[in-house]
Amino acid sequence: MIHISFGSACHLGVLADLPTIGVGKNLHHVDGLTNSSVRELLEAEDNFNVDFIPLVGDSGNTLGAALHSSKESFKPIFVSVGHRVSLASAVEIVKRTCKYRVPEPIRQADIRSRDYLRKHH
């Protein structure tokens, strides 16, 4: 059984014994976090010039971070630790690998998988 905060990045990292980072385009509603509450945090005047917002659930646990990954990006992406990577390191790696909204390795995998499916199905 996988723990509720043990996502697929963490699961894969543990199985492969590799450092991993969780990145998502959509927020998973867990521990009291909702799209509207995160939107309020991102739009708060105090957070206007910050790079990322820690996502703290009702339990008091920091579950990840919401960040605008590029200057052109309006919608945030959501970053969480996977395995053997701190949240601060995960956020920094994600920010450094974003040309667009989604980190480039994920973006390229998405482009190539869609191309493959279009050609073979």
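Keep in mind that what you see is a predicted model, and the values were worked out from it rather than measured.

Rules of the game
Residues numbered from 1 in each chain as written. Predicted model: local features only at pLDDT ≥ 70, side-chain atom pairs only at ≥ 80, totals over all residues. Heavy atoms only, no water. Helix = DSSP H or I, 4+ residues; strand = E, 2+ residues; numbered from the N terminus. Contact = heavy atoms within 4.5 Å. Buried < 20%, exposed > 50% of the residue type's maximum accessible area, 1.4 Å probe, protein only. Pairing = 2+ DSSP bridges. Axes fitted to C-alpha atoms, helices over the stretch in contact; angles between N-to-C directions. Arc of directions from axis to C-beta. Salt bridge = Lys/Arg side-chain N within 4 Å of Asp/Glu carboxyl O.

(A) Up close: the side chain of S70. Relative to the helices and strands, S70 resides in the loop between β3 (62-67) and β4 (77-83). Apart from the residues within four sequence positions on either side, S70 is in contact with K99, Y100 and R101.

(B) Here's a closer look at the pairing of strand β1 (residues 20-24). What you see with β1 is a clean split: T20, G22 and G24 sit on the buried side and I21 and V23 on the side with no burial. Bridge count between β1 and β4: five bridges; the pairing is antiparallel. Looking across to β4, one finds that T20 is bridged to H83.

(C) Molecular detail of the sheet that holds β1. The strand order β1-β4-β3-β2 describes an open sheet built from four strands, whose pairing is antiparallel. Lying at the two open borders of the sheet, with one neighbouring strand each, are β1 and β2 (52-56). Direction aside, the axes of adjacent strands within the sheet are offset by 30° on average. As defined by bridge partners, β3 adjoins β4 across three bridges and the pair is classed as antiparallel. If you follow A66 over to β4, its bridge partner there is F78. Sheet strands touched by helix α3 (residues 87-96): β1, β2, β3 and β4. Its angle to β4, the strand with the most contacts, is close to 125°.

(D) Molecular detail of α3. Restricting attention to buried positions, one finds in α3 the residues L87, A90, V91 and V94. Around the axis of α3, the buried residues are gathered within 95° of arc, so they sit on the same side. The exposed residues of α3 that point more than 90 degrees off its buried face are A88 and R96. Contact partners of the buried residues in α3: β1, β2, β3 and β4.

(E) Representation of the environment of D58. Residue position: D58 is located in the loop between β2 and β3. With near-sequence residues (within four places) excluded, D58 lies in contact with D31 and G32.

(F) The pattern of salt bridges, seen in detail. On inspection of all chains with the given rule, the structure shows eight salt bridges. Here K95 ties to E92 by a salt bridge, and the two come within 3.8 Å at their closest N and O atoms. Highlighted residues: K95 and E92, both in helix α3, separated by three residues, approximately one helical turn. Look at E92 and you get partly exposed, because its relative accessible area is 32%. Ionic pairing is found between E104 and R107, a salt bridge with its closest N-O pair at 2.8 Å. Of the two residues, E104 and R107 are both situated in helix α4 (residues 104-120); the distance of three residues between them amounts to about one turn of the helix. Several salt bridges share partner residues, and in doing so they unite D51, E92, K95 and R96 into one network.

What is shown is where atoms sit, not what they do.
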